Amino acid sequence: MIQPEQERLYLDYAATWPMRPEVWDAMGAELRHGFNPASAHAPGRRAHRCLEVARGRIADLLGCPRSSIYFTGGGTQSDNLAILGFIRSNPRRSPRVFVSAIEHKACLEAADRGVVEGARAARIPVDRSGTIDLAWLRRELAADPDAPTLISVMWANNEIGTVQAMADIVELGHEYGALVHTDAVQALGKVDCDLERTPVDLLSATAHKLGGPVGIGLLYQRPGVTLEPLSYGGGQERSMWPGTQNPIGATGFAAALALALEDREAAVARWTGLRDHLEARIRAEIPDARIHAGDAPLRMPNLVSAGIPGCDSGAVLVSLDFEGIAVSGGSACGSDSSVGSDVLDAIGITSDGPYAAVRFSFGHDTSRVEIDSAADALARVAARVVAITA
């Protein structure tokens, strides 16, 4: 029997972070005033002030000018605006776009679309830990140093948790005159995304990975960087993202970001302990299990991706769900005996038979007792599914 909702153990924070109570409160204070911020009347002006207060608060938290923050509909829209906006701002110049082999599809497919529009796109290889090959990137940059170039690399990977050395990537890119975009959807609030120490040119983020609302994202654009809008028909967001704006969502985004940054150091220390404990339990209970990117130099503190040979991925996830545990498959394979994930393929994970990838991700309320419950359940399920598969 599926467990009642209140008894379920939620360990899928990398997919969506349930809204924090403080965010509900901040948004609730503005719900009665949710008017169109483009309207000139008093209710519209109040909504506009709400939007701009949120923009200013986020800019202060990120340490950048408020004019560098553009609100979008989410992380995917922000990634597309960064990549396609760069390509379309360089028409007839055959711009280059480098994306890592383990990027989110929002970046990979935006780069592919750019090729249709005249860009040149290439995927930066990664090692078995998911860390990008800087030597390869340097050679490619040096091969055509005069071409308009964008490098797009996730700060922290959403499937396996690898954190890139973004400061080194930025330094290399700027050495060759390239712009650097990072999808920081997973990193922001869990990794130190200091824009002064790591001066990326474009940064994408979304509220619902921080305990904020779904449907509001942002693009940070360093002053002096030029992008072409993807949509037309209004002057909102200084014409970069036209359409009716979302001041209530922006308020929630600002509140969630403030909370995440306020307790980040303490949370990271606690999550790291939970991550290491879960990985130790998985290795002890399932000797054949792999910890994806377990040897990466830098890793997300609140994410564990485990691979279990001989298990059907769908069966494992459904069984865990029936046990009352919400986790993700991390785009792993099903019963077709192929790994089925671009990320796992890129880091060299192969299997001659069924292979289940299970992603656990923690939040501010996750406890060690819950981690032990999840490890116990995974061990039971894996033993059962292996027996059925065999």
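Definitions and limits used
For every chain, the first residue of the written sequence is number 1, and numbering continues from 1 onward in sequence order. Per-residue local features are limited, in this predicted model, to residues with pLDDT of at least 70; the limit for side-chain atom pairs, both in listing and counting, is 80 or more; totals at the level of whole chains, interfaces and linings are taken over all residues. Note that water and hydrogens are dropped before the side-chain values are worked out from all heavy atoms of the structure. DSSP bridges decide pairing: two strands pair if at least two such bridges lie between them. Strands here are runs of E lasting at least two residues and helices are runs of H or I lasting at least four, both read from the DSSP assignment and numbered beginning at the N terminus. In this analysis an axis means a line fitted to C-alpha atoms, helices contributing only their contacting stretch, and an angle means the value between N-to-C directions, from 0 to 180 degrees. The contact criterion used throughout is that any non-hydrogen atoms of two residues lie within 4.5 Å. When a residue's accessible area, from a 1.4 Å probe over protein chains only, is under 20% of the maximum for its type it is buried; when over 50% it is exposed; and in between it is partly exposed. Seen with the strands pointing away from the viewer, any crossover whose path from the first strand over the helix to the second strand runs clockwise is right-handed. N or O atoms closer than or at 3.5 Å make up a polar contact, with two conditions inside protein: a donor-capable atom paired with an acceptor-capable one, and, for residues adjacent in sequence, both atoms drawn from side chains. For classification purposes, angles smaller than 35 degrees are called roughly parallel, those larger than 145 roughly antiparallel, those between 65 and 115 roughly perpendicular, and all remaining angles oblique. Crossing handedness is read from the near helix: turned anticlockwise from the far helix by less than a right angle, it gives a left-handed crossing, and turned clockwise, a right-handed one. Classes in brief: Ala, Val, Leu, Ile, Met, Phe, Trp, Tyr, Cys and Pro nonpolar; Asp, Glu, Lys and Arg charged; the others, Gly included, polar.

**Student:** Help me understand the sheet that holds strand E6 (residues 179–183), please; the structure alone is not making it clear to me.
**Tutor:** Backbone hydrogen bonds are what pair the strands of a sheet, in a parallel or an antiparallel way. Taking strand neighbours across the sheet as the criterion, the seven strands line up as E2-E8-E7-E6-E5-E3-E4 in an open arrangement whose pairing is mixed. Each edge of the open sheet carries a strand with a single partner, namely strand E2 (69–72) and strand E4 (120–124). Put simply, the sheet's adjacent strands are angled 20° from each other on average, direction ignored. Helix H3 (residues 75–88) contacts E2, strand E3 (96–100), strand E5 (149–152), E6, strand E7 (202–206) and strand E8 (217–221) of the sheet and is inclined by roughly 160° relative to E7.

**Student:** I keep staring at the pairing of E3 and nothing clicks. Help me out?
**Tutor:** In terms of burial, E3 is a largely internal element, five of the five residues being buried. Across five bridges, E3 lies against E4 in parallel orientation. In the strand pairing of E4, Phe 98 is matched with Ala 122.

**Student:** Where do I start with the pairing of E6 in this structure?
**Tutor:** Within a regular strand, side chains alternate between the sheet's two faces. Counting buried positions over the five residues of E6 gives four, a clear majority of the element. By the bridge criterion, three bridges tie E5 to E6 in an arrangement that is parallel. Paired with Leu 150 across the strands is Leu 179, a residue of E6. Traced from E5 through helix H6 (residues 166–175) to E6, the parallel crossover comes out right-handed.

**Student:** What should I look at first to understand the side chain of Arg 299 in this one?
**Tutor:** Among the secondary structure elements, Arg 299 is positioned in the loop between strand E9 (290–291) and strand E10 (303–309). Judged by relative accessible area, which is 19%, Arg 299 ranks as buried. Here the side chain of Arg 299 touches Glu 279 through a polar contact of 2.3 Å, side chain to side chain. Within the structure, Arg 299 has its side chain in polar contact with the backbone oxygen of Ala 293 (distance 3.4 Å).

**Student:** What is the right way to read the packing of helix H2 (residues 42–62) against helix H7 (residues 247–262) from this model?
**Tutor:** Taken N-terminus to C-terminus, the directions of H2 and H7 make an angle of 25°; their axes are 8 Å apart at the nearest point. In terms of axis orientation, H2 runs roughly parallel to H7. For H2 against H7, the interelement crossing comes out left-handed. Each of Ala 47, Cys 50, Leu 51, Ala 54, Arg 57, Ile 58, Leu 61 and Leu 62 in H2 lies in contact with H7, whose residues at this interface are Pro 247, Ala 250, Thr 251, Phe 253, Ala 254, Ala 255, Leu 257, Ala 258 and Leu 261. In terms of residue class, the contact of H2 with H7 is made up of 15 nonpolar, one polar and one charged.

Honestly, it's all geometry; don't read function into it.
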